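Observations on the three-dimensional arrangement
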Amino acid sequence: MNESAHVRATLDEIRGSNRPQVEKAEALVELAFDLQKKPRNPQDLYDALALYDEAIVQAEALPLARARALAGRGAALRRMPGTDTAHLEQAKEALTDALKILAEAGDAEEAAEGEMTLGLVFQALAGAGKAPLEKAVQCYHRALRTFRRETHPREFAVIHNNLATAYLSMKLSPEKDVMREALAVQSFQEALKVVSLIDDPSEYAMLQNNLGNALQATRGNHPYENLQRAIEAYDEALKVRTPYDTPLEYANTISNKANALMNLPDDPNRPDAGNPENLRGAVKLLSEAGQLFEQHGVLDRAQTVEALRDSLLAEATSTQEVS
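Since this is a predicted model, take the numbers as computed values, not measurements. (Residues numbered from 1 in each chain as written. Predicted model: local features only at pLDDT ≥ 70, side-chain atom pairs only at ≥ 80, totals over all residues. Heavy atoms only, no water.)

Counting secondary structure elements, the chain contains 14 helices and zero strands. Reading the chain from its N end, one meets helices and strands in the order α-α-α-α-α-α-α-α-α-α-α-α-α-α. A principal-axis box enclosing the C-alpha atoms of the chain has dimensions of 90 × 40 × 40 Å. Taking all 323 residues of the chain together, the buried fraction comes to 44%. Counting only contacts in the chain whose residues sit at least 6 apart along the sequence, the fraction spanning at least 24 positions is 56%. When the accessible surface of the chain is totalled, it reaches about 17100 Å², and 50% of it is carbon and sulfur. (Helix = DSSP H or I, 4+ residues; strand = E, 2+ residues; numbered from the N terminus. Buried < 20%, exposed > 50% of the residue type's maximum accessible area, 1.4 Å probe, protein only. Contact = heavy atoms within 4.5 Å. Areas by Shrake-Rupley, 256 points an atom, 1.4 Å probe, with all protein chains shown as cover.)

Locating H160 in the fold gives a position in helix α8 (residues 153-169). On the basis of relative accessibility, which here comes to 9%, the residue H160 falls in the buried class.

Contact geometry of helix α1 (residues 5-16) with helix α3 (residues 42-58) gives a least axis separation of 10 Å together with a crossing angle of 15°. By the angle class used here, α1 and α3 are roughly parallel. For the crossing formed where α1 meets α3, the hand is right-handed. Note on element contacts: α3 touches α1 through D47, A50, L51, E54 and Q58, opposite H6, V7, L11 and R15. Grouping the constituent residues of the contact of α1 with α3 by class yields four nonpolar, two polar and three charged. (Axes fitted to C-alpha atoms, helices over the stretch in contact; angles between N-to-C directions. Parallel < 35°, antiparallel > 145°, perpendicular 65-115°, else oblique. Left-handed = near helix turned anticlockwise from the far one by under 90°. Nonpolar A, V, L, I, M, F, W, Y, C, P; charged D, E, K, R; others polar.)

Here we come to the confidence of the model for the chain. Residues at a pLDDT of 70 or more form 96% of the chain, whose mean pLDDT is 91. Across the chain, element-level confidence peaks in helix α12 (residues 247-262) with a mean pLDDT of 97 and bottoms out in helix α14 (residues 299-322) with 83. (pLDDT = per-residue confidence, 0-100.)

Now for the layout of surface pockets. Put simply, the largest pocket is a space of about 710 Å³. In this structure, the largest pocket is lined by 23 residues; those nearest its centre are F33, Q36, A75, E113 and T117. Breaking the lining of the largest pocket down by element, the ones donating at least two residues are α2 (21-37), α4 (63-78), α5 (86-105), α6 (108-127) and α8. (1 Å grid on protein atoms, 1.4 Å probe; cavity = no way out; pocket = protein on both sides within 12 Å on 5 of 7 lines; lining within 4 Å. Points joined across faces, edges and corners; volume = space filled by probe spheres on them.)

Formed by 89 residues in total, the largest nonpolar core has its most connected members in L51, I159, L163, L211 and L312. Beyond its immediate sequence surroundings of up to four residues, L51 is in contact with V7, L11, L28, L31, A32 and L35. (Core = buried A, V, L, I, M, F, W, Y, C linked by side-chain atoms within 4.5 Å.)

Per the counting criterion, the structure on display carries 17 salt bridges. Two residues, R180 and E181, come together in a salt bridge whose shortest N-O distance is 3.6 Å. One exposure class covers both R180 and E181, and it is buried. If you follow the salt bridges from partner to partner, you end up with D12, R15 and E54 in one network. (Salt bridge = Lys/Arg side-chain N within 4 Å of Asp/Glu carboxyl O.)

With that settled, consider the environment of Y204. Relative to the assigned elements, Y204 resides in helix α10 (residues 201-217). When the C-alpha positions of Y204 and L192 are compared, they lie 7.0 Å apart, and in sequence the two are twelve residues distant. When residues no more than four places from it in sequence are discounted, the contact partners of Y204 are L192, V195, S196, L197 and E236.

The next point concerns the side chain of E190. Within the secondary structure, E190 sits in helix α9 (residues 174-192). Within the structure, the side chain of E190 is placed 2.7 Å from the side chain of K193, a separation counted as a polar contact. (Polar contact = N/O pair within 3.5 Å; in protein donor to acceptor, adjacent residues only side chain to side chain.)

The next point concerns the packing of α3 against α4. Look at α3 against α4: their axes get within 9 Å of each other, and the N-to-C directions meet at 160°. In terms of their interaxial angle, α3 and α4 are classed as roughly antiparallel. Classified by chirality, the crossing of α4 by α3 is left-handed. Taken together, the residues of α4 that come into contact with α3 (itself represented by L45, L49, Y52, D53, A55 and I56) are R66, A69, L70, G72, R73, A76 and L77. By residue class, the composition of the contact of α3 with α4 is nine nonpolar, one polar and three charged.

Pasting the structure below:
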């Protein structure tokens, strides 16, 4: 896709001006960043790429300006729509080249921002089987050298959420799985140290929901304790997510909570006594989640949670008949 007419005119104007090369490059990067920050449609991203490409040309003899244009180009490429990984590969190349310079000549925040973005690129490539997730984790840890909790709380929280997601997606040997799961839980907890219910309720709810999922997935010596902690995390998320304001997010969280309840004994100290009370709670939550998913057209999720509900009801009936 080519650049739009107004961007083409802007490029012609800047190319023909007598401004110093560094000013041309900086102006182009600024215009491109404004377009990619909140793109209204894919054309905005294509226009941003055209501006970054020209900035790279204008900054050919200016290493730092060129690195900033490359970093911006990489960030724009990462956001390009579609399932093809070609844009991600180009983004990886641009960001890697940019970081060679930013790490030496740029400021620490620029380099850390580039590492964050490169981590996201590696994470997306890993999802397509084109890169190891360890590469993303390494980028995030380098970014955390600058984006610390005390100085950059927002970036700190985002990185730890990404780290936790990466840990949960890793495929490791069974003996290393417990450590991987523990690291994911730890990262969600680190993010929650700087994201509060009052100041950022939506992100707080997302992190609590994700923490609950990570706790459910964690294996170890205290499975019931982890399930109880997961339920507490879901309850925190439900302080924000409601069936009226965020029905699909609410439905996701209550179905996650139901999954924890169905695996938790009513009395964790007497697991052999069973969990009929928790099963009833799980059935109720799954019924509500199924109705919400169906009302909002998410039929596959509705079928999944309703099938689980029906299997729990059948299990409860079978248990009652035996007893």
